[in-house]
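Now for the letters of each chain:
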Amino acid sequence: MLHHVSFGVSDVERSAAFYDAALAPLGYRRVWEDLNPGLPDQAVGYGVAGGGDKLAIKLRPQGQRPPGPGFHLAFAAPDRQSIALFHAAALAHGGRDNGAPGPRPDYGSHYYAAFVIDPDGHHIEAVFNSPE
């Protein structure tokens, strides 16, 4: 249904470092970039190697605000260990904890996830929802 999602960020270099680190354990990487320091409209796209972007971060230094309560973006994880690595990398690169890695039985019997808030306040999640 969705082709991609874009987040406005106040500092594209800081956000790219955050997403490079947080998404790598999940198997996602930078698939394109348009970085020209000092110029407007810089952006970076993330997805699987050889594919297009599913998440883009775009420099919006003025008026950037994350979506309100109830919105978050969940990334599919290949296994439970990658979720722990996602969470640790996100916290080490400026993210804030919003739910440590662990089972979420209220969401399903196999639902395992971690939740963080990126440096601009965007709520993100990594989830593995399958029996091991």
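This section reports on the structure supplied with the text. Since we're looking at a predicted model, the values are computed, not measured.

### A short note on the pairing of strand E5 (residues 73-76)
- Here E5 shows one buried face, formed by Leu73 and Phe75, and one open face, formed by Ala74 and Ala76.
- Taken together, the 4 bridges between E5 and strand E8 (residues 123-129) define a ladder with parallel strand orientation. Note on E8: the bridge partner recorded for Phe75 is Ala126.

### A look at the nonpolar core
- With 27 residues, the main nonpolar core has Phe7, Tyr19, Tyr46, Leu55, Ile57, Phe86 and Ile124 as its most contacted residues.
- Sorting the residues of this core by element identifies strand E1 (5-9), helix H1 (12-23), strand E3 (43-47), strand E4 (53-59), E5, helix H2 (80-92), strand E7 (111-117) and E8 as the ones contributing at least two each.
- With 6 residues, the top contributor of residues to this core is H1.
- Those residues in contact with Phe7, other than ones at most four positions away along the chain, are Tyr19, Leu55, Ala56, Ile57, Lys58, Phe71, Leu73, Asp118, His122 and Ile124.

The rules behind the values
Residues numbered from 1 in each chain as written. Predicted model: local features only at pLDDT ≥ 70, side-chain atom pairs only at ≥ 80, totals over all residues. Heavy atoms only, no water. Buried < 20%, exposed > 50% of the residue type's maximum accessible area, 1.4 Å probe, protein only. Helix = DSSP H or I, 4+ residues; strand = E, 2+ residues; numbered from the N terminus. Pairing = 2+ DSSP bridges. Core = buried A, V, L, I, M, F, W, Y, C linked by side-chain atoms within 4.5 Å. Contact = heavy atoms within 4.5 Å.

Read these as spatial facts, not as claims about activity.
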